[in-house]
Amino acid sequence: MTGDPAETNPELYQVVFENERVRVLEYRDSPGDRTAPHRHPDTVMVTLSAFSRRISAGGREVGVDLPAGAVRWVAAQEHSGENVGTTPTHSMFIELKEPGGAVAGAALGPAGGQ
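Procedures and definitions
- Per chain, the residues get numbers from 1 upward, laid out in the order the sequence is written.
- In keeping with the predicted nature of the model, local features appear solely for residues at pLDDT of at least 70, side-chain atom pairs appear and are counted solely at 80 or more, and the whole-chain, interface and lining totals rest on all residues.
- Only hydrogens and water are set aside when side-chain values are computed; all heavy atoms of the structure are taken into account.
- Criterion for a salt bridge: a side-chain nitrogen of Lys or Arg within 4 Å of a carboxyl oxygen of Asp or Glu.
- Only DSSP runs of H or I covering at least 4 residues are called helices, and only runs of E covering at least 2 are called strands; the numbering of each starts at the N terminus.
- Partly exposed describes any residue whose relative accessible area lies between the buried limit of under 20% and the exposed limit of over 50%, with all areas from a 1.4 Å probe on protein chains only and scaled to the type maximum.
- Two strands pair if DSSP finds at least two bridges between them.
- Angular values range over 0 to 180 degrees, each being the angle between N-to-C directions of two axes fitted as lines to C-alpha atoms, with helices fitted over their stretch in contact.
- What qualifies as a polar contact is a pair of N or O atoms within 3.5 Å, subject to a donor-acceptor requirement within protein and to the restriction that residues adjacent in sequence count only when both atoms come from side chains.

Student: I would appreciate a short explanation of the pattern of salt bridges in the present structure.
Tutor: Any two side chains of opposite charge can pair, so long as their charged atoms come close to each other. For the structure on display, the rule yields nine salt bridges. A salt bridge links R53 to D29; the nearest nitrogen and oxygen atoms lie 2.6 Å apart. In this pair, R53 sits in strand β5 (residues 51–57) while D29 sits in strand β2 (residues 22–29), placing the two residues 24 residues apart along the sequence. Since its relative accessible area comes to 8%, R53 is described here as buried. Here the salt bridges share partners, and the residues they tie into one network are R34, R54, E61 and E82.

Student: Just checking my understanding: could you explain the sheet that holds strand β8 (residues 77–83) for this structure?
Tutor: Paired through backbone hydrogen bonds, the strands of a sheet run either parallel or antiparallel to each other. Strands sit in the order β3-β8-β5-β6 across an open sheet of four strands; the sheet is antiparallel. Taken across any chain shown, the strands that pair with only one partner, and hence form the sheet edges, are β3 (38–40) and β6 (60–66). Across this sheet, the average inter-strand angle for adjacent strands is 40°, counted without regard to direction.

Student: Help me out: how do you make sense of the environment of N19 in this one?
Tutor: By secondary structure assignment, the location of N19 is in the loop between β1 (13–18) and β2. Along the backbone, N19 and K97 are 78 residues apart, and their C-alpha atoms lie at a distance of 9.1 Å. A distance of 2.7 Å separates a polar side-chain atom of N19 from the backbone nitrogen of R21. A polar contact of 2.9 Å, which involves the side chain of N19, links it to the backbone nitrogen of V22.

Here it is in structure tokens:
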């Protein structure tokens with residue numbers, strides 16, 4: 001299994017809060033930046049800026065274009081990503097530490113929400 005994003009890309013992911021139930025990561029990048037393969041548990045993502053990304057795993061790719069202020073559920077997954085847009089990305093990830101029902105590897109990218 002690939003690693004913790006705060007360890008694989010510490011220049012992009014910063015832990016801003018952690019307790020026994022959740023961990024909150026702040027993510028910032030610039031156009032063209034790429035992440036190393038990493039994993040997320042079940043997570044809520046909040047976009048603080050609009051962005052365009054390509055998320056990849058296991059030979060699959062999805063495009064993710066979200067406006068600022070979007071809130072999305074991200075099921076547990078392993079992936080790498082690339083900022084394919086023209087603007088920086090700024091997002092918060094609220095990672096849940098409690099066991100979830102999702103099967104790692106089944107999902108790719110965010111799903112549903114406001």
